[in-house]
Each structure stands twice: as C-alpha cells, then as structure tokens.
Amino acid sequence: MTESEYTYTDSFKVTDNIKQAFDDNGYIMIRKMFDEEEICQMKKVLEDSDMAQKYGYGLPDGQGKQAGLVIWSHPGDDVTGIVSRSEKVVDTCQELLGGGEIYHYHAKFVRKDAYTGGSFLWHQDYGYWYKNGNLFPDLLTIFIPVDISDQTNGCLQVMENVYTC
Ligand SMILES: O=C(O)CCC(=O)C(=O)O
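Treat the numbers as computed from the prediction; the structure is a model and nothing was measured. (Residues numbered from 1 in each chain as written. Predicted model: local features only at pLDDT ≥ 70, side-chain atom pairs only at ≥ 80, totals over all residues. Heavy atoms only, no water.)

Peer 1: Can you explain the nonpolar core? Please cite residues and give values.
Peer 2: Side chains of a nonpolar character, in soluble globular proteins, are inclined to be buried together. One finds Phe12, Ile18, Ile28, Phe34 and Met51 to be the most contacted residues of the largest nonpolar core, which totals 26 residues. Examining the composition of this core, we find that four residues originate from one element, helix 2 (residues 36–48), more than from any other. When residues of this core are assigned to domains, at least three fall in each of domain 1 (1–32) and domain 2 (44–147). Once you skip the residues sitting within four places of it in the chain, Phe12 turns out to touch Tyr6, Thr7, Ile18, Ile30 and Thr92. (Core = buried A, V, L, I, M, F, W, Y, C linked by side-chain atoms within 4.5 Å. Buried < 20%, exposed > 50% of the residue type's maximum accessible area, 1.4 Å probe, protein only. Helix = DSSP H or I, 4+ residues; strand = E, 2+ residues; numbered from the N terminus. Domains from an automatic or database assignment. Contact = heavy atoms within 4.5 Å.)

Peer 1: Got a sec to walk through the site of the ligand? Specific residues and values, please.
Peer 2: Around the ligand, the neighbouring residues are Lys108, Val110, Lys112, Phe120, His123, Asp125, Tyr128, Phe143 and Leu156. Lys108 places a side-chain nitrogen or oxygen 2.4 Å from an oxygen atom of the ligand. At 2.6 Å from an oxygen atom of the ligand is found a side-chain nitrogen or oxygen belonging to Lys112. Coverage of the ligand by the protein chains reaches 89% of its 290 Å² of free accessible surface. Counting residues per element, the ones that place at least two in the shell around the ligand are strand 5 (107–111) and helix 6 (125–131). Residues belonging to the shell around the ligand are distributed by class as follows: five nonpolar, one polar and three charged. (Near = heavy atom within 4 Å. Polar contact = N/O pair within 3.5 Å; in protein donor to acceptor, adjacent residues only side chain to side chain. Areas by Shrake-Rupley, 256 points an atom, 1.4 Å probe, with all protein chains shown as cover. Nonpolar A, V, L, I, M, F, W, Y, C, P; charged D, E, K, R; others polar.)

Peer 1: Any chance you could break down the pattern of salt bridges for me, citing the residues and the numbers?
Peer 2: Within this structure, the stated rule accounts for nine salt bridges. For Glu47, the salt bridge goes to Lys43, with nearest N and O atoms at 3.7 Å. Within this pair, Glu47 and its partner Lys43 are both found in helix 2, separated by four residues, close to a single helical turn. In this structure, Asp113 and Arg111 form a salt bridge, with 3.0 Å as the shortest nitrogen-oxygen distance. Several salt bridges converge on common partners, so that one network encompasses Lys43, Glu47 and Asp147. (Salt bridge = Lys/Arg side-chain N within 4 Å of Asp/Glu carboxyl O.)

Right, dumping it as structure tokens:
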C-alpha cells in the first residue's frame, strides 16, 4: 500500500505522490491541517450553539442506539462555513479530485455521545451520493475530529481501496 499519511505545513500542496496515494488507497490522512486554535473554534461553535437542538436528529445504528447528526448544504459565515470555504480545504479537495472546479455538497456534524451514543454504521459514501444524483464518484469527504478520536471512543475507520480498475 502506498504511504497515505502526511503532516500539514504552511507550504503544503497536493503533490503527484499525494494524489497517487489518494487514488490508490481511496483516502489520505493529513495531520495538523487545523491548528489547536482552529479546532477549538470549531468545537465551540458545534458545542455552544443550539444547532444540535434545533436541527439535529438521531441516526439509528441498528443496535438500539443512535448517532447524533446535523447536516447542512450551504456553508454559512460561521466557523464551520469558513472551514469549508478555506483555501486549504478547497485547494486540497480540488487537487485531489483532479484540478477542476469543485462545489460543496454537504457538511455534517456527527455526535457520538459517551456510553449512550450509537455508532455510525459501516458504509461506502458513494452509495448514497449516487442515490442523490451524483452519477460519478467525483466527491470526497473531509473528516475533522474535534475531540480525541481513537478506538476507545468511536473514531472513523477507513478501508483502503480494494479496486484495481
Ligand atoms: O463519523 C463517522 O463515524 C462516520 C461518518 C460518515 O461516514 C459519514 O458521514 O458518511
């Protein structure tokens, strides 16, 4: 498997090697893409706003529990919208998807409450993107953990791309 882990610096650019890793493995991990201050700002908006109460819903995990979800289509002017529209996110996504113009499909805030929260069921995103009218898998997801995210508390597990064609 091609190396797929990188660390963000101010001069970070998607090189041919990074693009190749994304194409080969189906993902890349960019550590420290957001600094502590940026993560704290995101966390504050997500935790201190009433968005979860107003717009949130539970996604059943098939085991009697639910993950908490808020989904929106249009990036606003708050920190979450600025993150989606930031150069480092847009330029990175654009290069990984081949350099053409990109658009924001949706953003979501996923909450897995300690002890009571459910898991997010194992899936391939393209399954529902296709059902929503995206006929080609020319999309990608950026996952930004705002809490420590490891195997003890429901981190995201990614599978390498198994297709060779
Ligand atoms: O947060 C997770 O565990 C997974 C989220 C995810 O896969 C999705 O939003 O499509």
